[in-house]
Amino acid sequence: MSMEGIFEEIGRTIAGKGRAAAEKAKELTELVQLRTQLAAEKSRIRELYAALGKWYYEKEKGSVQGENVRPEDELIHGIEVLQARMKKLEEAIARLEEAGSCPGCGARIPRDSSFCPNCGAKVKREQEAEEPGSADILDLPSLEDPELAEEADEEGIFQE
């Protein structure tokens, strides 16, 4: 392999790592957006629960005027809509965060877990991880190869 080939291989490796980093950043950005939306929905639902509780308290106390006033139907409907939205957001977050479910107990398992955090069962991954760091090391030819050493010498790499 020529020196040019080595640099091309390094370039491809760097480009691949860059694409992987960009994809991870995109996933993290999406995850933050979903969590922000979920927090906003939780805040809204607390407001509706508080309004419903206040209305019920005032109704029981006799402070509510008129029998035809029924804001609880509207409040309950709003709570149900928010609960459905929150469920969808939580499912989307789970898809981004989770790798699957435990074969033992069915609990959701984070991507990087080797064991279930709920029951302790060993988690088998479809693709077992490579040896740590091995993906980051280029498989470059050895300079002990006589042809490569001669080529490097011809290119003046080892000249002072």
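Just so it is clear, the model here is predicted, and its values are computed rather than measured.

Draft legend 1. Layout of the overall build of the chain. Summing up its helical and strand segments, the chain has 3 helices and 2 strands in all. Walking the chain from its N terminus toward its C terminus, one meets helices and strands in the order α-α-β-β-α. By residue count, 19% of the 160 residues in the chain fall in the buried class. Here the analysis covers contacts within the chain between residues at least 6 apart in sequence; of these, 48% occur between residues at least 24 apart. As displayed, the chain has an accessible area near 12400 Å², and 52% of this comes from carbon and sulfur atoms.

Draft legend 2. Just helix α1 (residues 3-61), in detail. Taking 1.5 Å as the rise per residue, α1 with 59 residues should run 87 Å; its terminal C-alpha atoms sit 87 Å apart, in good agreement. Burial in α1 covers these residues: M3, G5, I6, L31, L34, L38, E41, I45, L52 and W55.

Draft legend 3. How the structure looks around the nonpolar core. Grouped together as the largest cluster of nonpolar side chains are 13 residues, with contacts concentrated most on L34, L38, I45 and I93. Looking at this core, the elements with two or more residues in it are α1 and α2 (71-97). A per-element tally of this core places α2 first, with 8 residues. Residues within four places of I93 in sequence aside, it is in contact with L31, L34, R35 and L38.

Draft legend 4. Representation of the packing of α1 against α2 within the structure. α2 packs onto α1 with a crossing angle of 160° between their chain directions and a minimal axis gap of 9 Å. The orientation of α1 with respect to α2, classified from their angle, is roughly antiparallel. Pair α1 / α2 crosses with left-handed handedness. Across the contact of α1 with α2, the residue classes tally to 19 nonpolar, 3 polar and 10 charged.

Draft legend 5. Representation of the pattern of salt bridges in the model. Using the criterion set out here, one finds 4 salt bridges in the structure. Here R12 ties to E9 by a salt bridge, and the two come within 2.9 Å at their closest N and O atoms. Residue R12 and its partner E9 are located together in helix α1, separated by 3 residues, close to a single helical turn. Since its relative accessible area comes to 48%, R12 is described here as partly exposed. Take E9: its relative accessible area is 28%, and that puts it in the partly exposed class.

Draft legend 6. Geometry of the confidence of the model for the chain. Averaged over every residue, the pLDDT of the chain is 79; residues scoring 70 or more account for 73%. pLDDT under 50 marks residues 127-141. Its contacts with residues more than four places away, or in other chains, come to 10 contacts.

Draft legend 7. Summary view of the packing of aromatic side chains. The full count for this structure, using the stated rule, is 0 aromatic pairs. Its end group placed over the ring of F115, K122 keeps NZ or CZ at 5.3 Å from the ring centre.

The rules behind the values
- Residues numbered from 1 in each chain as written.
- Predicted model: local features only at pLDDT ≥ 70, side-chain atom pairs only at ≥ 80, totals over all residues.
- Heavy atoms only, no water.
- Helix = DSSP H or I, 4+ residues; strand = E, 2+ residues; numbered from the N terminus.
- Buried < 20%, exposed > 50% of the residue type's maximum accessible area, 1.4 Å probe, protein only.
- Contact = heavy atoms within 4.5 Å.
- Areas by Shrake-Rupley, 256 points an atom, 1.4 Å probe, with all protein chains shown as cover.
- Expected span 1.5 Å × (residues − 1).
- Core = buried A, V, L, I, M, F, W, Y, C linked by side-chain atoms within 4.5 Å.
- Axes fitted to C-alpha atoms, helices over the stretch in contact; angles between N-to-C directions.
- Parallel < 35°, antiparallel > 145°, perpendicular 65-115°, else oblique.
- Left-handed = near helix turned anticlockwise from the far one by under 90°.
- Nonpolar A, V, L, I, M, F, W, Y, C, P; charged D, E, K, R; others polar.
- Salt bridge = Lys/Arg side-chain N within 4 Å of Asp/Glu carboxyl O.
- pLDDT = per-residue confidence, 0-100.
- Phe/Tyr/Trp six-rings, centres within 6.5 Å; stacked < 30°, edge-to-face > 60°.
- Lys NZ or Arg CZ within 6 Å of the ring centre and 35° of its normal.

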